[in-house]
There are 2 protein chains.
Amino acid sequence: MKKTLVIVAHPDIARSTVNHTWARTLAAQEDRYTVHELYAAYPNGKIDVAAEQALIEAHGSVILQFPVYWFSCPPLLKQWFDSVFTHGWAFGSSATAFKGRKLGLAVSHGTPPQDYSHTGKIRHTLAETLIPFEIIANYIGAEYLPPFTFHALEFFTEEEIRANHDKMVAHAEQAAKDLLAHLEKFA
Amino acid sequence: MKKTLVIVAHPDIARSTVNHTWARTLAAQEDRYTVHELYAAYPNGKIDVAAEQALIEAHGSVILQFPVYWFSCPPLLKQWFDSVFTHGWAFGSSATAFKGRKLGLAVSHGTPPQDYSHTGKIRHTLAETLIPFEIIANYIGAEYLPPFTFHALEFFTEEEIRANHDKMVAHAEQAAKDLLAHLEKFA
């Protein structure tokens, strides 16, 4: 079975706890996962389209891992869709790149969980908020996996983050185990 | 009444017909609209947060104008949300920047219109696809206007675009008049 490609899009992963822990945990299983960090690969924002398309073709499932900022993905992942998913390759009558391939999300978010419900502040669940990604999967003929969504603790200041460091690391490590179990179900 | 700020986010507006026509039409009404082109203002992608916040504060309604690529906005507009909508300014208990301010979208899309329905390929309307932007408006306390959505003609090759140039310009000019009438309703 082909390895799963994990596209990680975090604009500052060195300062991230959750996404850094997930990327490390997945990368440690090197026979199963290839972890590809977009911001590290393209610090100037210019994506190598041919290299990205070849990477996808060499793998099986594709997981997009990112923190949800403003109810969507970080900008470089949006650039990745716009650049890499070309007509004739990802979509169009002759395109086959994603046909039968699984596409899934592994996302963290910092908004209070009670906000993400039909009666909460967001008025939608997190999975509903991510519907544009489900539409992309449908559009390119991929099988959309149920998103793995994880509530990171919301700390806005540097002080809060520092004070709660150990708690966040433990939280992130448990979530990394949950993520592996989630991906296992769809392998 | 304060002027309306139109944030235009098109990665290559010189080659755009629809968005270029809209921006030109809105900019011509300089007593009503300020047109701010993000990709022209920030060719290196580094957004001046203080300048953007001051620009919003100096205006009334804010309209985000962009082509819908992969069911969302171009990456620099996503960067704009992530950079400009800071805690304490756009959200948080003391934030007032958008309280009572109107926020609207003016978007073009190239997907066949029949795909955008509950029974079509997308399984959602275009307005539903744009729900993450409605969530942003709600989250920052802005009044979300009904999006102005416009179906651009889908041409994928340079040849098709060239062959249909006059038709596209006429189409875009009619849409610019419709956009002005739409914005008028909510002024």
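Residues numbered from 1 in each chain as written. Chains lettered and ligands numbered in written order. Predicted model: local features only at pLDDT ≥ 70, side-chain atom pairs only at ≥ 80, totals over all residues. Heavy atoms only, no water.

Chemist: Got a sec to walk through the environment of Ile13 of chain B? Specific residues and values, please.
Modeler: All names here are of chain B. Here Ile13 lies in the loop between strand S1 (4–8) and helix H1 (18–28). By relative accessible area, Ile13 is classed as buried at 14%. Put simply, Ile13 and Ala40 are 27 residues apart on the chain and 9.0 Å apart in space, counted from C-alpha to C-alpha. The contact partners of Ile13, leaving out residues within four places of it in the chain, are Val8, Asn19, His20, Ala23 and Glu37. (Helix = DSSP H or I, 4+ residues; strand = E, 2+ residues; numbered from the N terminus. Buried < 20%, exposed > 50% of the residue type's maximum accessible area, 1.4 Å probe, protein only. Contact = heavy atoms within 4.5 Å.)

Chemist: Any details on the interface of chain A and chain B? Residues and values, ideally.
Modeler: Listed by partner, the interface residues are 29 residues for chain A and 29 residues for chain B. The junction of chain A with chain B conceals about 2800 Å² of combined surface from both sides, 71% of it contributed by carbon and sulfur atoms. Scanning the region where chain A abuts chain B turns up six residue pairs in polar contact (both at pLDDT 80 or more). Broken down by secondary-structure element, the contributors of at least two residues to the side of chain A that touches chain B are helix H4 (75–84) and helix H6 (131–139) of chain A. (Buried area = accessible area lost by both parts, 1.4 Å probe. Polar contact = N/O pair within 3.5 Å; in protein donor to acceptor, adjacent residues only side chain to side chain.)

Chemist: Could you give me a rundown of the relation of the copies chain A and chain B, with the residues and numbers involved?
Modeler: The two chain copies are related to each other by a rotation about an axis together with a translation along it. Least-squares fitting of chain A to chain B yields an RMSD of 0.0 Å, with the superposition described by an axial translation of 0.0 Å and a rotation of 180 degrees. The two molecules are tied by a two-fold rotation axis, judged by turn and shift. Measuring from the rotation axis to each C-alpha of chain A, the shortest distance belongs to Pro75 of chain A, at 2.3 Å. By residue overlap, the copies meet face to face through one surface: 100% of the interface positions of chain A are interface positions in chain B. (Least-squares fit on C-alpha atoms with pLDDT ≥ 70 in both.)

Chemist: Residue-level account of the packing of H4 of chain A against helix H4 (residues 75–84) of chain B, with values.
Modeler: The contact between H4 of chain A and H4 of chain B brings their axes to 8 Å, and the two run at 170 degrees. As far as their axial angle goes, H4 of chain B and H4 of chain A are roughly antiparallel. Residues Pro75, Lys78, Gln79 and Asp82 of chain A of H4 of chain A form the contact with H4 of chain B, whose own contacting residues are Pro75, Lys78, Gln79 and Asp82 of chain B. Of the residues contributing to the contact of H4 of chain A with H4 of chain B, the split by class is two nonpolar, two polar and four charged. (Axes fitted to C-alpha atoms, helices over the stretch in contact; angles between N-to-C directions. Parallel < 35°, antiparallel > 145°, perpendicular 65-115°, else oblique. Nonpolar A, V, L, I, M, F, W, Y, C, P; charged D, E, K, R; others polar.)

Chemist: Give a description of the environment of Glu134 of chain A that names residues and reports values.
Modeler: Residue and element names in this part refer to chain A. Mapped onto the secondary structure, Glu134 falls in helix H6. Taking relative accessible area as the criterion, Glu134 reaches 27% and is therefore assigned partly exposed. The sequence separation of Glu134 and Ala54 amounts to 80 residues, and the corresponding C-alpha distance is 23 Å.

Don't take any of this as a statement about function, it's just geometry.
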